[in-house]
Amino acid sequence: MKHILRNKKDKFNILLILISLLFIVIILSLAIGQNFISVRTVFEAFFDYDQDSTRHLIIRTTRVSRTVIALIAGSGLAVAGALMQALTSNPLAAPGIFGLNSGAVFILVGFAAIFGTPSMSINIWLAFIGALLAGLLVYFIASIGKRGLSPLKMILAGAAVTAFFHSFTQGLLVINQESLESVLFWLSGSTAGRDLKMILPLLPFILFAVVLSLILAKDINILLIGEDMASGLGQKTLVIKILLGLSIVILAGSSVAAAGAISFIGLIVPHIGRFFVGNNYYWLIIYTFIIGALLLLLADLIARIIIMPQEIPIGVMTAFMGAPFFVYIVRRGFKVHD
Amino acid sequence: MKDIKNYIVILSVFLVLAISFSNLVMAETRIVKHAMGETEINGTPKRIVTLYQGATDTAVAMGIKPVGIVESWVEKPVYKYLRDDLENVKQVGLETQPNLEEINKLNPDLIIASKMRHEDIYNLLSQIAPTVMEENVFRYRETVKLMGEALNKQSKAQRILKNWDQRVNDFNKKIKKKIQDDWPIKVSVLNFRADHARIYYSGYAGRILNELGFERPDKHKKDIWGVKLTSKESIPEMNSEAFFIFMSDNEAVNNTYKEWTSHPLWKNLDAVKNDQVFEVDQVAWNMAGGIKSAHIMLDQLYDHFELDE
Amino acid sequence: MIDKLKSVNKETLNLLGLIVLLLIIFILSLSFGSSFISPLDVFKHFFKLGQSQYNFTINTLRLPRTLMAFLVGAALSVSGLILQVNIKNPLASPDIIGITGGASAGAIIYLSFFSSRLGISGLPFAAILGAALISLLIYILAWQKGVSSIRLVLIGIGIAAAIDALVTMIIVFSPISTTVQSYVWLTGSIYGTNWDELFQFLPWIFIFIPLSFTFHKSLNLLSLGDKIAASLGLNIQINRLLLMIISVALAGSSVAYAGGISFIGLIAPHMARKITNRSYFHLIFISAITGGILLMGADLIARTVFLPLDLPAGIFVSGIGAPFFIYLLYKNRNNF
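One structure accompanies this document, and this report is about it. Only a predicted model underlies this, so the values are computations on that prediction, with no experimental measurement involved. (Residues numbered from 1 in each chain as written. Chains lettered and ligands numbered in written order. Predicted model: local features only at pLDDT ≥ 70, side-chain atom pairs only at ≥ 80, totals over all residues. Heavy atoms only, no water.)

1. Re the interface of chain B and chain C
Piece 1. With 27 residues of chain B at the interface, the matching set in chain C holds 32 residues.
Piece 2. Summing both sides of the interface, chain B and chain C together bury roughly 2500 Å²; the carbon and sulfur share of this comes to 55%.
Piece 3. Looking at the side of chain B facing chain C, the largest losses of area belong to Q97, E101 and L124 of chain B, adding up to 27% of the total buried there.
Piece 4. For the pair chain B and chain C, the interface holds 2 salt bridges. (Contact = heavy atoms within 4.5 Å. Buried area = accessible area lost by both parts, 1.4 Å probe. Salt bridge = Lys/Arg side-chain N within 4 Å of Asp/Glu carboxyl O.)

In structure tokens form, the structure reads like this:
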């Protein structure tokens, strides 16, 4: 299936439209919630700030932090997914499916079981380590064997590693039943309850990873043609793969650290991006970045309105939105190459 | 003739003795009705195993030291307020999954359990010892009654409940006198955790507060246990005239608590504005579920409202 | 000729070793627990030579539990074996493609919303229903003029993720009383097995394990690849469907009675392959025994290591199974 935007001008224009959409949804995210605040008030909160206004305070604290988190997690996961799909030549690759989520969660729960529930700032680094660990494990397992890294083996290795971490996590939670209740929301993904201050340390890493992947974009395009061709053309494929892997872990790890275990964004958004711009990774990464942020923000918006005052955990929301799409992709037989 | 008379007298004496003796024997075997049906219990059980926190608490209240208990939820393995009374009592595992072999090893003659938790092992438990089950884990009055029946200490149970009722009435009178027209007060029961906050609508603390005459905000009068809140925007949901807050004492929870209570929406709450925010003991208010812990909860209420007893 | 004899002998030796191991673990399971009953006394008990003081502990507590562990382990293992052939992938298992997830969803929904009214005895049926429905869904979604093994696997993984989210949401919002219970259930536990439950489970074993054996020829053919099997006259679609049904029935009923135990369906078949390389007739048999041993061993450890706590066996299945699995992969790396 061919992508719909054929020339640079079109790609650029649609990108602008998407970015404008993003801004609109950001404003909506700041305005909508348990207290419905008018758009005008949202603007006032930033440009005509009144310290005593509760609404302004709500906007500048809770709403801003969850919006930013959704943006970070959404774009980070989406780009990580796109990179993974290139790395494994597999249209079904995604951080969640490869166990990065469950690895992060496992390390967190394990830490909490031994040392007591960690504070948010430690959480973030733990999630990183967990994601890295899981990623390495999957890579290692899937590479065993004569035929090396086959796409299907990676997916199944990922599922096995996920199950492995998942059951250990469950085991720990069963032994320490009180702690179970404390991390349930974290386990299912959440954009609420995190201070912006804690998330900020992540930003430089994420920016670094995104920039790195943009720099690598050309090499990714070559890699997609086929590994033999790529080395034939002089590309140092191993180095590229390692750098790709690094970016993936940073992006996925940060997202999990910021927002818990959210599935399917990394899987689906790259495909939506491909629908627009095909497999030119330079454009694809940019589109995926924006669309990922957009989608997760929308999901977050819906998740916090439907059953007020409670919220549907965002990881659940994305799973429900994502599963039908995933099935569609499988049935359609999408390839990573055109 | 005289022989026959003698004979009749002896026979009647014998009959009377026999009947009263059999009554005695029959009275020794009671049938106790409970959530899972009926159980026959012989005499006065001495070796009891309690499989939920409320039952352990009530056993101590009735002056009995169980031979086996389950682990507590916090302050493991035994809550601090019960430690003195439960020294050297054997642990039989988790409340949710007590170890059947351990229970059997103790050779109990009565097991007190909860249908909510142990329904599926009722048959196995009954084979170890006569087993009675309370419907839930937080119904403190029913637990006292049930255990009174099962332990053949019905009058002790009645006295415990009467004592409780007396204190409740006393509290009621004194607080009405102190607060007068503003009574009854609307209160919220709140709980903070590492990653979310909760409002408890009903349950253990709710029942006791109801008994004492406290009211709940209209929003909290629903028939569910409560809600879990993840976003600070839901803070207004908590609103009422007074708050009773309990939580675990660790860094993550304290951080969350600090965050939520420094949010502007928090400062707008009535209880906060009137300085009626009370931190209370989570064991007594939520984790123990027995009659002794109910008294501790009541003590705290007396303290907070500065009433004398 | 001598080589053939040698290999047959080696296999027979392996098989004998396996059976001996089975008996040892069986006896150990009956010996260990909160109180130690020496293996000698266990023997005597069975032949009614010893005292009857062990009646309760052995007959009522340990025996049904051990038997259930064996049967569930066997069922899950055979289910996994069939799946791995059906889907032509050595890393497939009932939990990975969502069958266990469906059963868990059925069970958790029942626990959270119906058990207080209908009693806990309806739980197994809810679980089996859940497994059946989800498998049906996966099958239908994978159907495009037939079901290819790859499509089945991938859609299974996707649906499994969605079910996982559903289960998480239910647990998060369920009444507090059932949250912990649901989590224990999800981890997989044979705690509290009594004879009634065992007898309820037996029909599933007695029907579907022999049924698996009758399909051994199909399994042999399928393992050669769809094209070759078809050219040899096998009706791929019908066999695939029937084998799926057997797999789901075995896995669903296992999960219904022992909770969400994962990994056995993945690992045990591989362990079996190390022991025998012959036809699927033998493989089914050996897989069953291997799976049974694995779960019995895991349960034994789970209920003795942290006394007086009685932990879910599922934890230790992963603990034993996963490293062994990685070791297996490494050992067999040239054959993959």
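There is more to say, and it comes next.
2. Side note on a nonpolar patch on the surface
All names here are of chain A.
Piece 1. Taken together, V39, F43, F46 and F47 make up a surface patch of nonpolar side chains, about 430 Å² in accessible area.
Piece 2. Residue placement: F47 occurs in helix α2 (residues 39–47).
Piece 3. Accessibility expressed as a relative area gives 69% for F47, which makes it exposed. (Patch = residues over 30% accessible without salt bridge, like charges linked within 9 Å, V, L, I, M, F, W, Y side chains within 5 Å. Areas by Shrake-Rupley, 256 points an atom, 1.4 Å probe, with all protein chains shown as cover. Helix = DSSP H or I, 4+ residues; strand = E, 2+ residues; numbered from the N terminus. Buried < 20%, exposed > 50% of the residue type's maximum accessible area, 1.4 Å probe, protein only.)

3. Concerning the side chain of S65 of chain A
Piece 1. Mapped onto the elements of the fold, S65 of chain A is located in helix α3 (residues 54–88).
Piece 2. Using a relative accessible area of 9% as the deciding quantity, one classes S65 of chain A as buried.

4. What about unusual backbone geometry?
Residues and elements named next belong to chain B.
Piece 1. Here the bond from K76 into P77 is cis, since omega is 0 degrees, no more than 30 degrees from zero.
Piece 2. Mapped onto the fold, P77 is located in the loop between β4 (68–69) and β5 (90–91).
Piece 3. In the segment running from W183 into P184, the intervening peptide bond is cis, with an omega of 0 degrees.
Piece 4. Tracing the backbone through its elements, the reader meets P184 in the loop between α7 (154–179) and β8 (187–192).
Piece 5. With a phi angle near 55 degrees, N107 is a residue other than glycine that sits in the positive phi range.
Piece 6. Looking at the element boundaries, N107 is found in the loop between α3 (100–105) and β6 (110–114).
Piece 7. We classify N107 as exposed; its relative accessible area is 57%.

5. As for the environment of A104 of chain A
Residue and element names in this part refer to chain A.
Piece 1. When you line up the elements, A104 lands in helix α4 (residues 100–115).
Piece 2. Judged by its relative accessible area of 0%, A104 is buried.
Piece 3. Distance in space between the C-alpha atoms of A104 and G253 is 7.5 Å, their sequence separation being 149 residues.
Piece 4. Apart from residues no more than four positions distant in its own chain, A104 is found in contact with A127, G130, A131 and V256.

6. Let's talk about the pairing of strand β2 (residues 37–42) of chain B
Residues and elements named next belong to chain B.
Piece 1. When strand β1 (residues 29–34) meets β2, the two strands line up antiparallel, connected through 6 bridges. Note that in β2 the partner of T29 across the bridge is N42.
Piece 2. Between β1 and β2, which pair antiparallel one after the other, the connecting turn spans 2 residues. (Pairing = 2+ DSSP bridges.)

7. A short note on the packing of helix α8 (residues 204–212) of chain B against helix α13 (residues 291–304) of chain B
Residues and elements named next belong to chain B.
Piece 1. Contact geometry for α8 and α13: axes closest at 11 Å, N-to-C directions at 60 degrees. On the basis of their axis angle, the class for α8 and α13 is oblique. At the point where α8 passes α13, the crossing takes the right-handed sense. Judged by residue contacts, Y204, A205, I208, L209 and L212 of α8 engage S293, A294, M297, L298 and L301 from α13. (Axes fitted to C-alpha atoms, helices over the stretch in contact; angles between N-to-C directions. Parallel < 35°, antiparallel > 145°, perpendicular 65-115°, else oblique. Left-handed = near helix turned anticlockwise from the far one by under 90°.)

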